[in-house]
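Analysis of the macromolecular model
So you can see what is in the structure, the chains are spelled out below.
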Amino acid sequence: MKKKALALALAMCLFLATQAAAAQPGENQVYQAMIAMKDQYPEGTPWGDDNSYKWQGGVYSAGIGCAGFAFLLSDVAFGSLSARKITDFSYSDVRIGDILRINDDTHSVIVLEVRSDHVVVAEGNYNGSIHWGRILSKSEVEQGDYLMTRYAEAEEAPVPDAEDIPASGIAKASAQIVAVDGRAVEFQMYALVDENGNITNYIRLRDIAYVLNGSKAQFSVGYDNVGKSISVVSGEPYQAMGGETTAPYSGDRAYTGGIQSIQVNGEAVDMTAITLLDDAGGGYNYFKLRDLGKALGFNVGWSKDAGVFIESDKPYTEQ
């Protein structure tokens, strides 16, 4: 009996250990793990073709020189997670911790930061030593030979369920604090109140695009004057127009609402929306934050400690 219990306990421990090893780290966690290695491998540390490293990632068993150092940092950040090689990639695919093969398949670098127009990398065998902080432009990245990543393949974002709401009424001004990647941001939202007193907040599309700009969840916002439709494209930087995150009106405002179709990465998606009306016959479009997270692939949640929060580097999950 004791042997059976012990075997069961060991099996359970093995299962838990396997589950922990397979956990997907966030990009900030990946960055912190890699940058912590600067103490052990400071700028200028000799590292050339005489240096090698066995890689746990699985695409190649080991690497020498620049590849070896990239594999070392990759293992520090991702442990034993499997890697994938992507030869046909775009700039929007690049994430912190990815390994880029560049210079006509002669040099490997690992990505520390991703910006709208450049990445920051770490590398070994840069003039025979370790170098932190070199910048590669967007065009240089796009000319790379291939990319190796240890992030899981992104699942297709679920489509939000559009619902009928009153076609018109008064929307209540509702300033709300949202934790965006741990940073408190105040949004000037508008809320609808149903007959039971339940409140549903709506957020301006351009406000959330402005706040997420530069993150993994960034997206552009456009408008087709001919087709009279809004379009958003994941991964593209947002072009600010001024006035983002400020209320367009003071106090409550009349609205029209219902199901509105917008183009998300070229596909029509129906969402529940309200349009606040101005005195000139125009207006501003507001959507549910969770609907935007579902359609664009960033996580939206709520916790007792943080309240409403957004995680730009994690896919949307139902809560």
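Below is a short write-up of the structure.

About the cut-offs
- Residues numbered from 1 in each chain as written.
- Predicted model: local features only at pLDDT ≥ 70, side-chain atom pairs only at ≥ 80, totals over all residues.
- Heavy atoms only, no water.
- Phe/Tyr/Trp six-rings, centres within 6.5 Å; stacked < 30°, edge-to-face > 60°.
- Helix = DSSP H or I, 4+ residues; strand = E, 2+ residues; numbered from the N terminus.
- Buried < 20%, exposed > 50% of the residue type's maximum accessible area, 1.4 Å probe, protein only.
- Lys NZ or Arg CZ within 6 Å of the ring centre and 35° of its normal.
- Pairing = 2+ DSSP bridges.
- Axes fitted to C-alpha atoms, helices over the stretch in contact; angles between N-to-C directions.

Considering the packing of aromatic side chains
Taken as a whole and assessed by the stated rule, the structure comprises eight aromatic pairs. Ring centres 6.0 Å apart and planes at 85° place the aromatic pair Phe69 and Trp132 in the edge-to-face group. In this pair, Phe69 is assigned in helix 3 (residues 66-78) and Trp132 in strand 7 (residues 129-137), connecting sequence segments 63 residues apart. Across the pair, Trp132 and Phe69 agree in class, each one buried. Measuring from centroid to centroid gives 5.2 Å for Phe78 and Tyr151, while their planes differ by 90°, and the two rings are edge-to-face. Residue Phe78 is located in helix 3, and its partner Tyr151 is located in the loop between strand 8 (146-149) and strand 9 (168-180); the two are separated by 73 residues in the primary sequence. Tyr151 carries the same exposure label as Phe78, and that label is buried. The aromatic ring of Tyr151 is capped on one face by Arg95, whose charged end is 3.9 Å from the ring centroid. The ring of Tyr249 carries Arg253 above its face, with NZ or CZ at 4.1 Å from the centroid.

Notes on the sheet that holds strand 6 (residues 118-126)
In a beta sheet, neighbouring strands pair by backbone hydrogen bonds and run either parallel or antiparallel. An order of 3-8-4-5-6-7 is seen for the six strands of this open sheet, with the pairing classed as antiparallel. Where the open sheet ends on each side, the last strands, each with one partner, are strand 3 (84-86) and strand 7. If you compare each strand with its neighbour and ignore which way they point, the axes differ by 30° on average. Sheet topology places strand 5 (residues 107-114) next to strand 6; four bridges connect them, and they run antiparallel.

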